[in-house]
Amino acid sequence: MTTLRMAAVAAEFGRDLEEDFEIAERLIKEAREEGVRLLALPEACLGGYLLSLDDCAELDEGPPALALDGPEIRRLASLAGEMTVVAGYCEAAGDTRYNSVVCVTGDGVLGNHRKVHQPLSEDASYASGDRFHAFDTPVGRIGMMICYDKAFPESARALALDGAEIGVCVSAWPGSRTNAAASLGEDRWKRRFDLFDRARALENQIVWLSANQAGTFGSLRFVGSAKVVDPGGEILADTGVAAGVAVAELDVVQALETARRSMGHLRDRRPETYDLSTGAATA
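So, here's what we can say about the structure.

Calculation criteria
Residues numbered from 1 in each chain as written. Predicted model: local features only at pLDDT ≥ 70, side-chain atom pairs only at ≥ 80, totals over all residues. Heavy atoms only, no water. Helix = DSSP H or I, 4+ residues; strand = E, 2+ residues; numbered from the N terminus. Rg over C-alpha atoms; globule rule 2.2 N^0.38 Å. Buried < 20%, exposed > 50% of the residue type's maximum accessible area, 1.4 Å probe, protein only. Contact = heavy atoms within 4.5 Å. Areas by Shrake-Rupley, 256 points an atom, 1.4 Å probe, with all protein chains shown as cover. Lys, Arg positive; Asp, Glu negative; His and termini not counted. Charge placed at Lys NZ, Arg CZ, Asp CG, Glu CD. Patch = residues over 30% accessible without salt bridge, like charges linked within 9 Å, V, L, I, M, F, W, Y side chains within 5 Å. Salt bridge = Lys/Arg side-chain N within 4 Å of Asp/Glu carboxyl O. Pairing = 2+ DSSP bridges. Phe/Tyr/Trp six-rings, centres within 6.5 Å; stacked < 30°, edge-to-face > 60°.

Considering the overall build of the protein
When helices and strands are counted, the protein shows five helices and 15 strands. Its C-alpha atoms give the protein a radius of gyration of 18 Å, near enough to 19 Å, the size a compact globule of 283 residues would have. Each of the three principal axes of the protein carries a C-alpha extent, and together these read 50 × 50 × 40 Å. Taking all 283 residues of the protein together, the buried fraction comes to 53%. Partitioning the intrachain contacts of the protein with sequence separation of at least 6 by distance along the chain shows that 66% fall at a separation of at least 24. Working note: accessible area of the protein is about 12300 Å², and carbon and sulfur atoms make up 50% of it. For the protein, the distance from the average site of its 29 positive side-chain charges to the average site of its 44 negative ones is 5 Å.

Things to note about a negative patch on the surface
A surface patch of like charges, here negative, comprises Glu-12, Asp-16, Glu-19, Glu-22 and Glu-25. Within the secondary structure, Glu-22 is located in helix H1 (residues 17-33). Given the relative accessible area of 48%, Glu-22 is considered partly exposed.

Considerations on the pairing of strand S7 (residues 134-137)
Both S7 and strand S8 (residues 140-146) contribute to a ladder of four bridges, which runs antiparallel. When the sheet's bridge partners are listed, Asp-136 is paired in S8 with Arg-141. A loop of two residues connects S7 with S8, the two strands running antiparallel in sequence.

Considerations on the packing of aromatic side chains
Enumeration over the complete set of coordinates arrives at three aromatic pairs. Ring centres of Trp-173 and Phe-193 lie 5.3 Å apart, and the angle between their planes is 65°; this geometry places the pair in the edge-to-face category. Here Trp-173, found in the loop between strand S9 (166-171) and helix H4 (188-204), pairs with Phe-193, found in helix H4; they are 20 residues apart in sequence, far enough to count as distant. Of the two residues, Trp-173 and Phe-193, neither departs from the other in class, the shared state being buried. Centroid distance Trp-173 to Phe-196: 6.0 Å. Interplanar angle 65°. Geometry classified as edge-to-face. Linking Trp-173 in the loop between S9 and H4 with Phe-196 in helix H4, this pair joins segments that are 23 residues apart in sequence. The class of Trp-173 is buried, set by a relative accessible area of 8%.

Next up, the structure:
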């Protein structure tokens, strides 16, 4: 049996990039000391998220835009060393900005994903990505997504069909903007966050890591709730709404084999029945 010790972070990150790197370095060091081999940091952990999701992008210069092959991502890779680390950042591609997540080891970049689905006014600050793909890493085949991406079943399904054994979703998921609960633990957006995590793991029978921002930034109050979910949709570790690190250990290959042995959700698909263009699903 080969087990993988993995962790998802709920932590507060802001605009000060140097301070963000100090937080990331501390979290990576602590995870390394605990034997963690796969660590997921939140969306926008390098440079912070947006101050608001309302139509006020002109009031916020936004996070610093970093090149995928630039010194900041190389610095992150150096911090990762032998670990596999996933982290969100604002990606500069020429004059275009993307809300992106990168996966690195000390050897460099293993994978990069640009957020496809953009909530509310996020498209005023970022361009949209156009694909989902899995890639191989020292800890297994991984697929990444960002925050609102997980609200769409097709996102995780595309990764699972591309062979992802572990789905990693990094978020800056806030509490409800209207009728906010006094306690984040009772917040309806927090419940949705948790439901999406469990559903995406269960329906695809993959391991799921969910990292999220914690604390507040601008007008946003984040729900934390970083977690590790097994292929049966059961939560193995969870930070709750506070900042923290959810750590779990699992034999990923064995867990996938066990979950898929009787009812294999990917194996038992009937793609020909899902094509609306054939009229098969019309009333």
